[in-house]
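# Summary of the model geometry
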Amino acid sequence: MKIYGLIGYPVKHSLSAAMHNAAFKELGIEAEYRLFEIPPEKLEGFLLENIKVEDTQGKIFYSQDIAGFNITIPHKIKTKEILTKKFPYAGIAEDLSHYVKISGAVNTVKRLHNGLDYCNTDVSGFWESLREDLKFDARNKNVLLVGCGGAGRAVIAALTWKMQTVNKIYIFDNNLKTIRSAKEHFGNAPVLLREKLEFISCKEIPEKIQQCQLLVNASPIGMKEGDPSVVDKNLLHKDLYVYDVVYNRMTQLVRDAQEACGEEKACRGLGMFLYQGERALEFWIGRHAPSEAMRKALEEALNKK
């Protein structure tokens, strides 16, 4: 039986296992998806060596026996740094290499006989959900992005790829370390992309949001019950669409936006989570993902929380 999984720190909250195990069952594949909490100091060993790891249920595995895995907070950016140094982009499709280069992050890895292959399915997952779930056409639009960690960078990569490119992305993050890292990363991006990005302060949000047609929350705010919205409800206007990448609950931002902008103009990140999972599965096994089975399992898991 093949083992797939999720690595991060922490991971116990994730619903990935429900979604992927349902897919394996639907496709008749003998495989299991498990959750592994990997502290930052063990990440490089997990990726490049063959270390002993324990899943969240206490079962022991060796890292090189895990055929494919997803990556979540806080490892996406560091994984990209490690893997692109050890295994350059050669052989990766143009869109997949763009997603990794522009986002500066990796969220999906598969083991090959001679190394590791990798991509970022968060990018295509966000774009697909924006189109299918929010019915939003991002071309030539202005966007306010809150959060520029791994998820925020994936949003930027999605909104600046070929025909879907936006006019302007205003970026805010209240974590100074994350801002510095993002500025350094995008400082090396092509000029045409850099010209679309503008990092702003908290004081500038009221002015900039009035110029935007889309607000995206890619920060962790909203993941915990009782979290406030990332912006004042009074700043939301009728011409604004709102996408919150938080998928495990209806956030205050989404509730406020559905009331202020219209119910059809705001959604949480459940679609992004589903679509990135589908693309990851296809990356691992080379077959179409069973979308309905994965969605059903995800919704059932959410209802149990």
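Just so you know, these numbers come straight off a predicted model, no measurement behind them. Residue numbers run consecutively from 1 along every chain, following the written order of its sequence. Confidence filtering applies because this is a predicted model: local features only for residues at pLDDT of at least 70, side-chain atom pairs given and counted only at 80 or more, and all residues used for totals across whole chains, interfaces and linings. Neither water nor hydrogens contribute to the side-chain values; these are computed over all heavy atoms in the structure.

## Details of the overall build of the protein
A tally of regular secondary structure across the protein gives 12 helices and 13 strands. Between the two quantities, the radius of gyration covers C-alpha atoms and the globule rule is 2.2 Å times the number of residues to the power 0.38. Radius of gyration (C-alpha) of the protein: 19 Å, near the 19 Å computed for a compact globule of 305 residues. For the protein, the spread of C-alpha atoms along the three principal axes comes to 55 × 40 × 35 Å. Remark: exposure states derive from per-residue accessible area (1.4 Å probe, protein chains only) relative to the maximum for the residue type, with buried under 20%, exposed over 50%, and partly exposed in between. Going through the 305 residues of the protein one by one, you find that 57% of them count as buried. In the form shown here, the protein has an accessible surface area of approximately 14400 Å², with 48% of it arising from carbon and sulfur atoms. When charges are counted, Lys and Arg contribute as positive and Asp and Glu as negative, whereas His and the chain ends are disregarded. To locate a charge, take atom NZ for lysine, CZ for arginine, CG for aspartate or CD for glutamate. Charged side chains in the protein number 42 positive and 39 negative. The centres of these two groups are separated by 3 Å. A run of DSSP states H or I qualifies as a helix once it reaches four residues; a run of E qualifies as a strand once it reaches two. Both are numbered from the N-terminal end. Every accessible area reported is derived by Shrake-Rupley at a probe size of 1.4 Å, with residue values counting cover from the shown protein chains alone.

## Brief notes about the layout of surface pockets
The method works on a 1 Å grid over the protein atoms by themselves. A cavity is a set of points holding a 1.4 Å probe that cannot get out, a pocket is an open set with protein on both sides within 12 Å along at least five of seven lines, and residues with an atom within 4 Å of a point line them. Grid points are joined across faces, edges and corners, and a volume is the space filled by probe spheres set on the points. Empty space within the largest pocket amounts to approximately 1300 Å³. T72, I73, K76, G150 and A151 are, among the 46 residues lining the largest pocket, the residues nearest its centre. Among the secondary structure elements, those contributing two or more residues to the lining of the largest pocket are β5 (66–71), α3 (76–86), α6 (150–159), α7 (176–186) and α11 (270–285). The greatest single-element share of the lining of the largest pocket, amounting to 4 residues, is contributed by α3. Ten residue types, Ala, Val, Leu, Ile, Met, Phe, Trp, Tyr, Cys and Pro, are classed as nonpolar, four, Asp, Glu, Lys and Arg, as charged, and the remainder, Gly among them, as polar. Tallied by class, the residues present in the lining of the largest pocket amount to 21 nonpolar, 18 polar and 7 charged.

## Points about the pattern of salt bridges
Throughout this description, the term salt bridge denotes a Lys or Arg side-chain nitrogen within 4 Å of a carboxyl oxygen of Asp or Glu. Taken as a whole and assessed by the stated rule, the structure comprises 14 salt bridges. Of the charged contacts, one joins R279 and E282 as a salt bridge, the two residues approaching to 3.0 Å between their closest N and O atoms. Here the residue R279 and the residue E282 both occupy positions in helix α11, the gap between them amounting to 3 residues, near one helical turn. The exposure class assigned to E282 is partly exposed, which follows from its relative accessible area of 22%. Connected via shared salt-bridge partners are E128, E278, R279 and E282.

## Quick notes on the side chain of S219
Inspection of the secondary structure puts S219 in the loop between β11 (214–217) and β12 (241–244). Two N or O atoms count as a polar contact when they lie within 3.5 Å, although within protein this holds only if one can serve as hydrogen donor and the other as acceptor, and sequence-adjacent residues are included solely when both atoms are side-chain atoms. Of the polar contacts made by the side chain of S219, one reaches the backbone nitrogen of I221; its length is 3.2 Å. Each residue touching S219, except ones within four places of it in the same chain, is listed here: V146, G147, V230 and V246. By the convention used here, residues are in contact when the closest approach between their heavy atoms is within 4.5 Å.

## Looking at the packing of α11 against helix α12 (residues 291–304)
Running from N to C, α11 and α12 point in directions that differ by 135 degrees, and their axes come no closer than 10 Å. Between α11 and α12, the crossing angle belongs to the class labelled oblique. Considering the relative orientation of α11 and α12, their crossing is right-handed. Across the interface between the two elements, L270, F273, L274, Y275, G277, E278 and L281 from α11 touch S291, M294, R295, L298 and L302 from α12. Of the residues that constitute the contact of α11 with α12, the class distribution is 8 nonpolar, 2 polar and 2 charged. The axes are straight lines fitted to the C-alpha atoms, using for helices just the contacting stretch, and the angles between their N-to-C directions are given from 0 to 180°. Here is the rule for angles: anything less than 35 degrees is roughly parallel, anything more than 145 is roughly antiparallel, 65 through 115 is roughly perpendicular, and the remaining ranges are oblique. In a left-handed crossing the near helix is turned counterclockwise from the far helix by less than a right angle, and in a right-handed crossing that turn is clockwise.

## Section: the packing of aromatic side chains
Working definition: an aromatic ring pair is given by the centre-to-centre distance plus the angle between the planes. Any two rings among Phe, Tyr and Trp, with Trp reduced to its six-membered ring, count as a pair given centres within 6.5 Å; such a pair is stacked if its planes are under 30 degrees apart, edge-to-face if over 60, and tilted if neither. Taken as a whole, this structure holds 9 aromatic pairs when the rule is applied. Note on Y4 and F24: the rings are 5.3 Å apart at their centroids and 35 degrees apart in plane angle, and the pair reads as tilted. Here Y4 is found in strand β1 (residues 2–8), whereas its partner F24 is found in helix α1 (residues 16–27), with 20 residues between them in sequence. Between the aromatic rings of Y99 and W161, the centroid separation amounts to 6.4 Å while the plane-to-plane angle is 75 degrees, which identifies the pairing as edge-to-face. Of the two residues, Y99 is situated in helix α4 (residues 94–103) and W161 in the loop between α6 and β9 (168–172); the sequence distance between them amounts to 62 residues. Side by side, Y99 and W161 carry an identical accessibility label, which is buried. In textbook terms, an aromatic cluster arises when at least three aromatic residues are bridged by ring pairs, as seen for Y4, F24, Y33 and W284. Only Lys NZ and Arg CZ are tested; either one counts as a charge over a ring when it is within 6 Å of the ring centre and within 35 degrees of the ring normal. The ring of F283 has K110 lying over it, and the distance from NZ or CZ to the ring centre is 4.6 Å. Residue placement shows K141 over the ring face of F136; its charged tip is 5.7 Å from the ring centre.

## Regarding the environment of W284
One can find W284 in helix α11. In this structure, the C-alpha to C-alpha distance between W284 and V146, residues 138 residues apart in sequence, is 31 Å. When sequence neighbours within four positions are dropped, the list of residues in contact with W284 reads Y4, H20, Y33, G68, F69, N70, T108, V109 and K110. Here V109 takes part through its backbone oxygen, which lies 3.0 Å from a polar atom of the side chain of W284.

## Re the packing of α1 against α11
Between α1 and α11, whose axes approach to 11 Å, the crossing angle comes to 50 degrees. Here α11 runs oblique to α1, going by the angle between their axes. Handedness of the α1/α11 crossing: right-handed. Taking contact as the criterion, the partners of S16, M19, H20, A23, F24 and L27 in α1 are, on α11, F273, L274, Q276, G277, L281, W284 and I285. Taken together, the residues of the contact of α1 with α11 break down into 9 nonpolar, 4 polar and no charged.

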